[in-house]
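Chain by chain, the residues run as shown.
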Amino acid sequence: MAKSSPILLLVITHAIALVNAEIFTALTTLTKALQYEKSLAGNLREYVKLEQERLQKVLELADSYERHAETALVDAESYVANPVNAYLFVKTFTTDLPKTKELVSGKQNSEEFLQLLEDYQPYLPDEEDFEGVVAAILRLQDTYQLTSQQIADGTFTPTNRSPPMSALDCFQLAYYAYGKQDWHHMFSWMIQTLHVLDTEENVTISRSQTLDYLSYAATMQGNVHHAKHWTLEWLKLEPNHDRALSNILYFNKEIEQEQAKLESEGQSTPHPDVLPSLKNPRVTDEYRSGKEFQVYEALCRGEDVLPNPHVHKLSCYYTTSGDNPLLVLAPVKVEEYYLDPYIVLYHDVISDKEIKIIKEISTPMLKRATVNDPATGKLVTAHYRVSRSAWLKDEMNDTIQTLSNRISAITHLNMEQAEDLQIQNYGIGGQYEPHCDHARRHKEMSAFPPEEGNRIATWIYYVS
């Protein structure tokens, strides 16, 4: 037994050594685990911080929707009649909507919210509405000769002002024009984007991106010196941007050629440190450059471009239209506007109640307005007529029949051959460019049934 003791001691010693090694390995692993635990705590705090920031954005978005709706619903019709208000509202549910979805996607209970958003979609503005309201703003800008700054500041109308537009709001108008190759509006709105960006506390669009598009628009409008200036500003932000560096080489070459041409013609060349005046021509087609269209836009602005030769003969009076029974107790107030052709304004010939009924009947029926195509005789949509319309027959409602009877009593016209009452909703920036209601050429007569013939008079109610 005494001879086996060293072997036993060796085995025990070896076993103890193994146990100590395992304990040491386990302790080392746990020590590292404790370090990871500390890191995990920091990671969780960072996750909570980011989640709180996300939820704060969601709350701010909810507050923004609520404030906007409460303000707008005080007088919804007047509010959306302002084109900038309409633009900002439509933008919220089109170009801005993906950001809203991104804030909640993949989170707890997000599927229910996203489904609600999907259910609301048919009642919310879509991309077509967005393009329509942007085109309307640009059309109004041209017609009323407004600057981009007047529109962006919300000061273009003294009675129905809108909130100031952000740099991103301006950029998206410019980007729409860019997509249409409308360099005039693109340039104007990119300049305004940069102007707003200079004073914006919470930056909404990249300055580099703005300068990139601005220099391009400047080039397209013949402002190479300014394009170079803005590209140099861009390079201060991104010194190694390949396209910006390449553009500078192009601008230098263009400027050199311009100076060489001026020198060959014996003209003085501009000082390199002085920028020439900006050019931003509005390029239009032959018709829009003509007198008729210019007069049309001037009339929209309220300018007196068509002197009335018979103004001294005009008068205002009451009429019962030959003692018509419908008018004896309620004579019509007549204000003459023009004698040849005969144009008059009848005051107070439709009541608020009747207007309300007409709107209630027609609103669900409104569809994009069409015009007659002389070439095919078919009704088609057209860019020069932007509105929604509906046609109301006398038999649809007693109020419609009453209005027809009243028109007949006042004008002495037989309403049996009259067309149905047409409702027009021109909306934001809606228009119908200069035209005649009657057919002026033989080929236009196909628009009317042969048994009815050409139009001889037009009666218009203004109900808003």
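Refer to the structure above for everything that follows.
1. Things to note about unusual backbone geometry
- A cis geometry characterises the amide bond from aspartate 340 onward to proline 341, with omega recorded as 5°.
- Secondary-structure assignment places proline 341 in the loop between strand 2 (332-338) and strand 3 (343-347).
- Phi is positive for glutamine 181, which is not a glycine, with a value near 55°.
- Following the sequence through the fold, glutamine 181 ends up in the loop between helix 8 (167-179) and helix 9 (183-199).
- Glutamine 181 gets classed as exposed once you look at its relative accessible area, which sits at 59%.
- Phi is positive for aspartate 323, which is not a glycine, with a value near 55°.

2. Considering a negative patch on the surface
- Negative charge collects at one region of the surface, where Asp126, Glu127, Glu128, Asp129 and Glu131 lie side by side.
- Tracing the backbone shows glutamate 127 in helix 6 (residues 127-143).
- Residue classification places glutamate 127 among the partly exposed positions, given a relative accessible area of 46%.

3. Focus on the layout of surface pockets
- The calculated volume of the second largest pocket comes to roughly 1000 Å³.
- Taken together, 25 residues line the second largest pocket, and the ones lying closest to its centre are Leu61, Ser64, Tyr65, Thr92 and Asp96.
- At the level of secondary structure, the elements contributing two or more residues to the lining of the second largest pocket comprise helix 1 (5-72), helix 2 (76-81), helix 3 (83-92), helix 4 (97-104) and helix 8.
- The residue makeup of the lining of the second largest pocket, split by class, is 14 nonpolar, 6 polar and 5 charged.

4. Re helix 12 (residues 242-264)
- With 23 residues, helix 12 ought to run about 33 Å at 1.5 Å a step, and its terminal C-alpha atoms sit 34 Å apart, in line with that.
- Of all the positions in helix 12, only Ala244, Ile248, Phe251, Ile255 and Leu262 are classed as buried.
- Contacts made by the buried residues of helix 12 are with helix 10 (207-220) and helix 11 (224-237).
- Looking at the residues trailing helix 12, positive phi occurs at glycine 266, about 75°.

5. Observations regarding the sheet that holds strand 2
- Pairing in this open sheet of 3 strands is antiparallel, and the strands run 1-2-3 from one edge to the other. Sheet topology places strand 1 (316-319) and strand 3 at the edges, where each strand pairs with a single neighbour. Strand-to-strand twist in this sheet, taken as the mean axis angle between neighbours without regard to direction, amounts to 35°.
- Bridge count for strand 1 against strand 2 is 4 bridges, and the pairing is antiparallel. By the bridge assignment for strand 2, cysteine 316 is matched with glutamate 335.

6. A look at the packing of aromatic side chains
- Scanning the model with the defined rule gives 17 aromatic pairs in all.
- Note on tyrosine 178 and tyrosine 213: the rings are 5.4 Å apart at their centroids and 85° apart in plane angle, and the pair reads as edge-to-face. Within this pair, whereas tyrosine 178 is found in helix 8, its partner tyrosine 213 is found in helix 10, the two being separated by 35 residues in sequence.
- Take tyrosine 213: its relative accessible area is 18%, and that puts it in the buried class.

The rules behind these values
Residues numbered from 1 in each chain as written. Predicted model: local features only at pLDDT ≥ 70, side-chain atom pairs only at ≥ 80, totals over all residues. Heavy atoms only, no water. Helix = DSSP H or I, 4+ residues; strand = E, 2+ residues; numbered from the N terminus. Buried < 20%, exposed > 50% of the residue type's maximum accessible area, 1.4 Å probe, protein only. Patch = residues over 30% accessible without salt bridge, like charges linked within 9 Å, V, L, I, M, F, W, Y side chains within 5 Å. Areas by Shrake-Rupley, 256 points an atom, 1.4 Å probe, with all protein chains shown as cover. Salt bridge = Lys/Arg side-chain N within 4 Å of Asp/Glu carboxyl O. Lys, Arg positive; Asp, Glu negative; His and termini not counted. Charge placed at Lys NZ, Arg CZ, Asp CG, Glu CD. 1 Å grid on protein atoms, 1.4 Å probe; cavity = no way out; pocket = protein on both sides within 12 Å on 5 of 7 lines; lining within 4 Å. Points joined across faces, edges and corners; volume = space filled by probe spheres on them. Nonpolar A, V, L, I, M, F, W, Y, C, P; charged D, E, K, R; others polar. Expected span 1.5 Å × (residues − 1). Contact = heavy atoms within 4.5 Å. Pairing = 2+ DSSP bridges. Axes fitted to C-alpha atoms, helices over the stretch in contact; angles between N-to-C directions. Phe/Tyr/Trp six-rings, centres within 6.5 Å; stacked < 30°, edge-to-face > 60°.

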